[in-house]
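Fold and contact review
Residue-level listing of the chains:
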Amino acid sequence: MKRNLCVLGSTGSIGTQTLEVVDEHQAELQILSMTAGDNIDLFVEQILKYEPRRVSVKSEEGAEKLRLSLTERQEEQLFILPEILYGMDGFIACATMPDIHTVVAAMVGMIGLRPVMEAIRHKKDIALANKETLVTAGHMIIPMAEQYGVSLLPVDSEHSAIFQCLQSSSSEEEIEHLYLTASGGPFRHFTAEELERVTLEQALAHPNWQMGHKITIDSATMINKGLEIIEACWLFRVGLDQVHVLVQPDSVIHSMVGFRDGSVLAQMGVPDMRLPIQYALMYPARPKLSGERLDFETLVSIRFERPNTDVLRGIDLAKRAFETGGSMTTVMNAANEFAVAKFLKREIGFTTIYSMIEYAMDHHAFIKNPSLDDILETERETRLRLEALG
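All of these numbers come straight from a predicted model, not from anything done at the bench.

Some details on the pairing of strand S6 (residues 125-128)
Bridge count between strand S5 (residues 102-105) and S6: four bridges; the pairing is parallel. Note that in S6 the partner of Val-104 across the bridge is Ala-127. For the segment spanning S5, helix H5 (residues 113-121) and S6, crossover handedness is right-handed. Across three bridges, S6 lies against strand S7 (residues 152-154) in parallel orientation. By the bridge assignment for S7, Ala-127 is matched with Leu-153. Tracing the backbone out of S6, into helix H6 (residues 131-148) and back to the parallel element S7 gives a crossover that is right-handed.

What follows is the structure in C-alpha cells.
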C-alpha cells in the first residue's frame, strides 16, 4: 500500500527535496496534498507533475493566480484540477485530509504550527522539519503526539542521525549524552570585529549544505544549533546538560549518541538532506537512494572543534530561552525570524540579529505555561516591539 503524503511547504528547500525522494519511490509514496507560499510558478509545475487532490497557498490573490495558471495549462495537458484553497484554513485542510498517512512539516516559521497540531489531532504521522513547532510549543506537541498515538519523525539531519543511532537502544534511560554536530558555518573562526563587517553574500555562502536563505543565516549565527538543542531535549526527552554541540567542519558525522555503558554511536554520510527525508518517510525501511557515497579511502581525518560561542552567540541565547522556559522560547524564535528577515533585506547588520533577540527577551512579560493563543500573541507582540525600534 502506498504511503499518502501532505507536503506543507513544497516549494521550499526541504519541500523540493522531499519531492525528489518521492520521484525515487513512486511505488511507495504518493502526494495527496501540497501547500506553498508565494512561489506560484514553481507550485504550478509541481501540481502538474504530482497531481495532488487538494492544494493551498498563502493568500486569496495567490489562489486566484494559481487557478488561472492551472486552467490555462489544461488547454495543453489533461489533468484533474485540484481543490484550491488559501490561508491558514487551507493549510489545515491539506494537512488533515482523511487519506493522508504522513504530513511533511517543511513550512518555515510559526505559520507551520497550527497545521501540525491539527494534523496530530487527526492522527497523522509528522515528518518534522519545522523547527518552530517544538521550539515554541514542545510542551504541547509532545503530549499531543502521545495522546493521539502518532510518530514524530525528525527530518533535520542532526536529529535524524540521533534517531537512527537510537534504534540500537531499548530505552531513553540508556542515553548519557547527545552530540549535535555543526559545520560551524562560514564564520566559525571570525573575531567579534570581523563579524561586525559580515555581508549578506558571505552569510549565505554555507560551506557544506544547500539550504533556504533563512536556515542558512541561522546556521551562520549558530542560532540554528541553539534551536536544535531545544528540539533534541523535547524529541529525545533529555536534559539540557546532556546535549552538547561539536563543530565537525566536514559534515561527515551528522550527530552522535553516547550511552551509559560508555559506547558512542555516530551516523555518517555525505551532506545530503534527501537521506534524512527518506528515512522519515520510509521508516523503518532503508530503500536505495541515489547519490554520492562516503569514500572512506579518501577520508584523511575527522576533526572536531568547540563552537565559538563567545562570538557566535546563537547557542547561548537559545539555551537561555529554554532554561527560562514558557513563552521565552517563542520570543527568542520570533525575534530571530524578524531580525533575519531584516538582514536578508539588508536593513540591519549581521550582529544586530543577536542584539534584537536579546532586546526582545529582556522586555518580555514571561508566561510560564503558554497556550496556543498565548504563543501566537507572544509572537505578534515580539514583532510589534521590534518594529517599534525603527
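Remarks on the pairing of strand S11 (residues 264-268)
Both faces of the sheet carry side chains from a regular strand, because those side chains alternate between them. Two strands pair when backbone bridges link them, and strand S10 (residues 253-259) and S11 are joined in this way by five bridges, in the antiparallel orientation. Looking at the pairing, Val-257 lines up with Leu-265 of S11. Where S10 hands over to S11, the hairpin turn is made up of four residues, of which Gly-262 adopts a positive phi near 100°.

Structural notes on the sheet that holds strand S8 (residues 175-182)
Pairing is mixed across the open sheet formed by four strands, whose spatial order is S9-S8-S10-S11. Both outer strands of the open sheet, strand S9 (243-247) and S11, are each paired with one neighbouring strand and no more. When the angles between neighbouring strand axes are averaged without regard to direction, this sheet yields 20°.

Things to note about the packing of aromatic side chains
A complete count under the given rule lists eight aromatic pairs for this structure. Taking 6.4 Å as the distance between ring centres and 85° as the angle between the ring planes, the aromatic pair formed by Phe-350 and Tyr-354 counts as edge-to-face. In textbook terms, an aromatic cluster arises when at least three aromatic residues are bridged by ring pairs, as seen for Phe-187, Phe-190, Phe-343, Phe-350 and Tyr-354.

Section: the side chain of Thr-351
Considering the arrangement of structural elements, one finds Thr-351 in the loop between helix H14 (328-344) and helix H15 (352-362). The class of Thr-351 is buried, set by a relative accessible area of 17%. A distance of 3.0 Å separates polar atoms of two side chains, one belonging to Thr-351 and the other to Glu-196.

Describing the pattern of salt bridges
Evaluation of the coordinates by the stated rule reveals 27 salt bridges. Among the ionic pairs, Lys-225 bridges to Glu-158, the shortest N-O distance being 2.9 Å. Residue Lys-225 is found in helix H11 (residues 223-236), and its partner Glu-158 is found in helix H7 (residues 157-165); the two are separated by 67 residues along the sequence. Residue Lys-225 shares its accessibility class with Glu-158, and that shared class is buried. For Arg-320, the salt bridge is made with Asp-362, and the minimal N-O distance between the two is 2.7 Å. Of this pair, Arg-320 sits in helix H13 (residues 314-324) while Asp-362 sits in helix H15; the two residues are 42 residues apart in sequence, bridging distant segments of the chain. Judged by its relative accessible area of 31%, Arg-320 falls in the partly exposed class. Three or more residues are tied together by salt bridges with common partners; here these are Lys-131, Asp-156, Glu-158, Lys-225, Glu-228 and Glu-231.

Regarding the state of the cysteines
As enumerated under the stated definition, the model contains zero disulfides in all. The cysteine Cys-94 is free of any disulfide, with Cys-6 supplying the nearest cysteine sulfur at 5.7 Å. With no disulfide of its own, Cys-233 has Cys-165 as its nearest cysteine by sulfur position, at a separation of 17 Å.

Some details on a nonpolar patch on the surface
There is a patch of nonpolar side chains on the surface, built from Met-268, Phe-296, Ile-302 and Phe-304 and spanning about 350 Å² of accessible area. With respect to the helices and strands, Phe-304 occurs in the loop between helix H12 (274-282) and H13. A relative accessible area of 38% means that Phe-304 is categorised as partly exposed.

Regarding the nonpolar core
Core analysis: the largest hydrophobic core is formed by 119 residues, its most contacted members being Leu-66 and Phe-350. Residues contacting Phe-350, with those up to four places away along its chain left out, are Phe-187, Leu-195, Val-198, Ala-203, Ala-220, Thr-221 and Phe-343.

Cut-offs and rules
- Residues numbered from 1 in each chain as written.
- Predicted model: local features only at pLDDT ≥ 70, side-chain atom pairs only at ≥ 80, totals over all residues.
- Heavy atoms only, no water.
- Pairing = 2+ DSSP bridges.
- Helix = DSSP H or I, 4+ residues; strand = E, 2+ residues; numbered from the N terminus.
- Right-handed = clockwise from strand over helix to strand, strands pointing away.
- Axes fitted to C-alpha atoms, helices over the stretch in contact; angles between N-to-C directions.
- Phe/Tyr/Trp six-rings, centres within 6.5 Å; stacked < 30°, edge-to-face > 60°.
- Buried < 20%, exposed > 50% of the residue type's maximum accessible area, 1.4 Å probe, protein only.
- Polar contact = N/O pair within 3.5 Å; in protein donor to acceptor, adjacent residues only side chain to side chain.
- Salt bridge = Lys/Arg side-chain N within 4 Å of Asp/Glu carboxyl O.
- Disulfide = S-S within 2.5 Å.
- Patch = residues over 30% accessible without salt bridge, like charges linked within 9 Å, V, L, I, M, F, W, Y side chains within 5 Å.
- Areas by Shrake-Rupley, 256 points an atom, 1.4 Å probe, with all protein chains shown as cover.
- Core = buried A, V, L, I, M, F, W, Y, C linked by side-chain atoms within 4.5 Å.
- Contact = heavy atoms within 4.5 Å.

Function-wise, these values are silent; they only describe arrangement.
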